[in-house]
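Read off the chains here:
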2 protein chains.
Amino acid sequence: MSGSDLYKQAGVNIDAGNQAVALMKPAVRATFTANVLADVGSFGGLYALTNLPAEPVLVASTDGVGTKVKLAAQLGQWRGIGHDIVNHCVNDILVQNARPLFFLDYIASSKLDPQQVAEVVIGVAEACQAAGCALLGGETAEMPGVYVEGAFDLAGTVVGLVNRAELLPVPDAMQPGDRLVGLPSSGPHTNGYSLIRRVIEGRDLAMPIEGELTLGEALLQPHRCYRAEVDRLQTAGVPLRGMAHITGGGFIDNLPRILPDGLAAQVETGSWELPPLFAQLVGWSGVGHEEAYRVWNMGVGMVLVIPEAALDEVLDTLPEAMVIGRLAPRAAGGAGVELV
Amino acid sequence: MSGSDLYKQAGVNIDAGNQAVALMKPAVRATFTANVLADVGSFGGLYALTNLPAEPVLVASTDGVGTKVKLAAQLGQWRGIGHDIVNHCVNDILVQNARPLFFLDYIASSKLDPQQVAEVVIGVAEACQAAGCALLGGETAEMPGVYVEGAFDLAGTVVGLVNRAELLPVPDAMQPGDRLVGLPSSGPHTNGYSLIRRVIEGRDLAMPIEGELTLGEALLQPHRCYRAEVDRLQTAGVPLRGMAHITGGGFIDNLPRILPDGLAAQVETGSWELPPLFAQLVGWSGVGHEEAYRVWNMGVGMVLVIPEAALDEVLDTLPEAMVIGRLAPRAAGGAGVELV
C-alpha cells in the first residue's frame, strides 16, 4: 500500500495488492489533471472544483457491466471491460450534457489475480484519459464465498458537471418533425449479455462474424464513448434537444425517458444497416422484432434529437451519423416509441 | 421502471425491480434535499451545488463492506449492511474534513430478491438521512454465474465537499505531545470479517457475548458514523489536526497515513477497556498482540489528533471519548505506530 493511497486494495492480500498497484500506477497517474490533489495523503480522492459555471450541477451515475464480465473472464480479455465500465458511465451523464470530472471503480472476485486486476484498471484508466476524466480512486475486494471461482464483477461511478441552464434533455423544446440521429455502436456494448451468453452456448467463438472480427472479438468490443462526437456537435453550434443512451431496455425503454408526453419517437428500423452480429444474434435467439430493439442497441449506441434545420450541420460534422427517424405527435396513452 | 429513474434496476427482471422500487422509494425520497433535482427525467442523478466555500474540493470514496455480507446473508439481516456501507464511506471522507453531499450504491447477486434489495436500500437510505446526505442513485444487478447462490455484494460511493483551506489532516501542525483521542466503535465495523468468519465457524451465534447481544448480533452491529461527533467538536471550536478512520489495517496501517515522517503515534492499548467481543475474537483466533491491532479496530473506530490544550474541551463535548495515547518524536525509519 502506498501512503498516498493512490488506490486502495483493502480486500486483497498485501503482496497481490502491491503488485497490482505497481502495475497500474502509471496508467492511473496519467489520468490526473491539475484538479486532482494527489499529493495530499488521503483516505478519499480529492478533486478541486475550478472554472465553475453560473449554476453548477453535479451529475453522478453508478453502473456495472453486467454479465459481459463472464465472457471477458472466459476469453481472458480484461482491459476492454475496463473501457466498457467507464464509457457506459460517461455516456449516461453525457446525455444530460454533463462532462465527466472523475471516476471511481470497484472490482471484486473470489480471488484476485494482480495481473488481471491491473489489466482491468489500466483499461479503466485508458478510457478515463480518453474521456478527459480523472481516475480518482477505487476499491478492489477479495471475497471468497461470495463470487463464483474465476468470476469477477466490475462496477464504477462517474461524477460530472453541467451548468443548470444547459441541462439536457429539453422536452419542452422538442417538436413534431425533430429528427432522430443515431451514432453507431461498436457492438452490444454492455447490454443483453445474459441472453447473448445463452444463445452462443456451444457455438464457436472463433467463427468470423463481422469483417475481420470473430464472434468472440465482436462480442467483446468495448462500449463506445460518445463524448468527442457530442463535443464536436456543440462546438459546431448544433442545438441538441436531447440524447438517449441506448443501454438496457434498448430503444423501447430509453427513448421515452427523454420525450414529452405528447411526442413519440418514430424509429425507421430499415434506415440503417443492421450489423451482421445483431442479425446473427436475432436469428439465433428467435426474439421478435420489437423485442430485439428492447434487448439490444441494434447498431445504434446513442440517439440525438435535433431540430430538422440542424440536420445538414450534424451530417457535415459527423459523417457516420445516421438519420433514423423523427418525432411525431403521440395520442394520450400511446407508446413513446414506434418502430416503423 | 419509473420514468424519473429514481433508482435504476437495469439488471433485475422488471417485475422484481418494480417491487423493490415501490418498497424503497419513500426511504430514498426522504434523503432528498433541495439540492437534488429529482424531477428532471434523468439517466444520472443531479445535485445542484450551492453555498460553495472559497476553494471547493470534492472528496470521493468507493468502498465495499467485505465479507460481512456473507454473515448478513447467513443471518438474514439486510438493513444493517446498508448502514455499514454508508457509514464506512462517510467516515472515509470525514477524516479529510469533508461533509457528504450524496451517495450511490451498487448491489449485485446471482438472483435478487426484491424484499432483500429493498431492505438493503432502505438501510442505505436511513444511514444517508442520518449522515445528511442524499441517496442520489444506485444500481442493482442480477448476475447469474458470477455470484455464489444466496450471496450478494454491496458497494457504494460517497461524494463530499470541503474548503481547501480546511482540509485535514494537517501533518505540519502536529507536535510531540499532541493527544490521541479514540471514539468507540460499535464492533468490528466492516473489517476483519474473513478472519472472523473463520474463527466463528462451528460456534453458536446465539451465545451471549456483550450485554444483551448475542455473538451474531454483536458481529452485525452496523459500522458507526462519526459525523455528529466531529460536527460537535468543531462547533465547540476544537482544533482537530487529523483524524484516522480505523478500518482495514487497523491502528497499525491507518494511523501512519495522517502523520508527518518525524512523529509516531504511541497508542496505550491498556488505556481503554477492550470490548468482550474483541477479547473473545483474539482468544479464539490466537492472533498476536500487534496483529490484533492490524486486523481489528479493537473498540476504537476513529482516532483524533488534538493539541493537548484542547483535551478538556474534547472530553467535555464528547463524554465517551477516550484518551488513548500521544504523538512522540520518531527516529528516521522508525515505525509510525508504537503499541505501549
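All residue numbers here refer to positions counted from 1 along the written sequence of the relevant chain. Key to labels: chains lettered from A, ligands numbered from 1, both in the order written. Confidence filtering applies because this is a predicted model: local features only for residues at pLDDT of at least 70, side-chain atom pairs given and counted only at 80 or more, and all residues used for totals across whole chains, interfaces and linings. Hydrogens and water are ignored here; the side-chain numbers use all heavy atoms of the structure.

## Brief notes about the state of the cysteines
Residues and elements named next belong to chain B.
Piece 1. Only a pair of cysteine sulfur atoms within 2.5 Å counts as a disulfide in this structure description. As enumerated under the stated definition, the model contains zero disulfides over all chains in all.
Piece 2. Take C89: it sits in no disulfide, and the sulfur closest to it among the cysteines is that of C133, at 9.3 Å.
Piece 3. Exposure categories follow from relative accessible area, calculated using a 1.4 Å probe and restricted to protein chains: below 20% of the type maximum is buried, above 50% is exposed, and the middle band is partly exposed. Owing to a relative accessible area of 0%, C89 belongs among the buried residues under this scheme.
Piece 4. With no disulfide of its own, C225 lies 8.8 Å from the sulfur of C133, the closest cysteine sulfur.

## Re the sheet that holds strand β2 (residues 56–64) of chain B
Piece 1. In this scheme, strands are said to pair when DSSP sees at least two bridges between them. Secondary structure elements are taken from DSSP: a helix is a run of H or I of four residues or more, a strand is a run of E of two residues or more, and numbering for both begins at the N terminus. Across the sheet, five strands lie side by side as β1(A)-β2(B)-β5(B)-β3(B)-β4(B); this open sheet has mixed pairing. Each end of this open sheet is capped by a strand with a single partner; those strands are β1 (45–48) of chain A together with β4 (134–142) of chain B. Within this sheet the neighbouring strands show an average axis-to-axis angle of 15°, counted without direction.
Piece 2. Sheet topology places strand β3 (residues 99–109) of chain B next to strand β5 (residues 152–163) of chain B; ten bridges connect them, and they run antiparallel. Paired with B:R99 across the strands is B:L161, a residue of β5(B).
Piece 3. Should any heavy atoms of two residues lie within 4.5 Å, those residues are considered in contact. Interaxial angles span 0 to 180 degrees and are taken between N-to-C directions of axes, which are lines fitted to C-alpha atoms, for helices over the stretch in contact. With respect to the sheet, helix α4 (residues 114–131) of chain B is in contact with β3, β4 and β5 of chain B, its orientation differing from that of β3(B) by roughly 170°.

## Things to note about the packing of helix α3 (residues 79–94) of chain B against α4(B)
Residue and element names in this part refer to chain B.
Piece 1. Direction vectors running N to C along α3 and α4 enclose 40°, while the axes themselves pass 6 Å from each other. The orientation of α3 with respect to α4, classified from their angle, is oblique. Helix-helix and strand crossings are classified by hand; for α3 and α4 the assignment is right-handed. Across the interface between the two elements, R79, I81, G82, H83, I85, V86, N87 and V90 from α3 touch E119, V120, I122, G123, V124, E126, A127, C128 and A131 from α4. An angle counts as roughly parallel when it lies under 35 degrees, as roughly antiparallel when it exceeds 145, as roughly perpendicular when it falls between 65 and 115, and as oblique in every other case. Handedness of a crossing is defined here by the sense of rotation of the near helix relative to the far one, left-handed for an anticlockwise turn of less than a right angle and right-handed for a clockwise turn.

## Re the side chain of B:T214
Piece 1. When you line up the elements, B:T214 lands in strand β8 (residues 213–214).
Piece 2. A polar contact of 3.5 Å, which involves the side chain of B:T214, links it to the backbone oxygen of B:L205. Distance and chemistry together define a polar contact, namely a pair of N or O atoms within 3.5 Å, with one atom able to donate a hydrogen and the other to accept it when in protein, and with adjacent residues in sequence counting only for side-chain atoms on both sides.

## A short note on the domain arrangement of chain A
Residues and elements named next belong to chain A.
Piece 1. For every domain, the bounds stem from an assignment made automatically or drawn from a database. When its domains are assigned, chain A resolves into domain 1 (3–166) and domain 2 (171–339).
Piece 2. In this complex, domain 1 contributes 24 residues to the contact, which on the side of domain 2 involves 26 residues.
Piece 3. Take a side-chain nitrogen of Lys or Arg and a carboxyl oxygen of Asp or Glu: if they are within 4 Å of each other, that pair is a salt bridge. R99 serves as the salt-bridge partner of D231, at 2.8 Å between the closest nitrogen and oxygen.
Piece 4. For the pair domain 1 and domain 2, the interface holds 14 residue pairs in polar contact (both at pLDDT 80 or more).
Piece 5. Looking at the side of domain 1 that touches domain 2, the elements with two or more residues in it are α2 (68–75), α3 (79–94) and β3 (99–109).
Piece 6. Among the elements that line the side of domain 1 that touches domain 2, the one with the most residues is α3, at nine residues.

## Looking at the confidence of the model for chain A
Atomic detail in the predicted coordinates should be set aside for any region of low pLDDT.
Residues and elements named next belong to chain A.
Piece 1. On average, residues of chain A score 92 in pLDDT, and 94% of them are at 70 or above.
Piece 2. In this model, residues 1–7 is a region of pLDDT below 50 whose contacts with residues beyond four sequence positions or in other chains number 25 contacts.
Piece 3. Overall fold confidence (pTM) sits at 0.94, and the ipTM for the predicted complex is 0.93. Each residue carries a pLDDT score, the predictor's own confidence in it, on a scale running from 0 to 100.

## Quick word on the relation of the copies chain A and chain B
Piece 1. The copies are overlaid by a least-squares fit using only the C-alpha atoms of residues whose pLDDT is at least 70 in both copies. For the pair chain A and chain B, the relating rotation is 180°, the translation along its axis is 0.0 Å, and the fit reaches an RMSD of 0.0 Å. Here the transformation between the copies is reduced to the relation of a two-fold axis. No C-alpha of chain A approaches the rotation axis more nearly than that of A:Y147, which lies at 2.2 Å.
Piece 2. A high fraction, 100%, of the interface residues of chain A reappear at the interface in chain B, so the copies pair face to face through one surface.

## Remarks on the pattern of salt bridges
Piece 1. Taken as a whole, this structure holds 24 salt bridges over all chains when the rule is applied.
Piece 2. A salt bridge links B:D178 to B:R241; the nearest nitrogen and oxygen atoms lie 2.8 Å apart. Taken as a pair, B:D178 in the loop between β5 and β6 (179–184) and B:R241 in the loop between α7 (227–235) and β9 (242–245) lie far apart in primary sequence, 63 residues in all.
Piece 3. Owing to a relative accessible area of 18%, B:R241 belongs among the buried residues under this scheme.
Piece 4. Salt bridges here are not isolated pairs; linked through shared partners, they connect A:D253, A:E290, A:E291 and A:R294.

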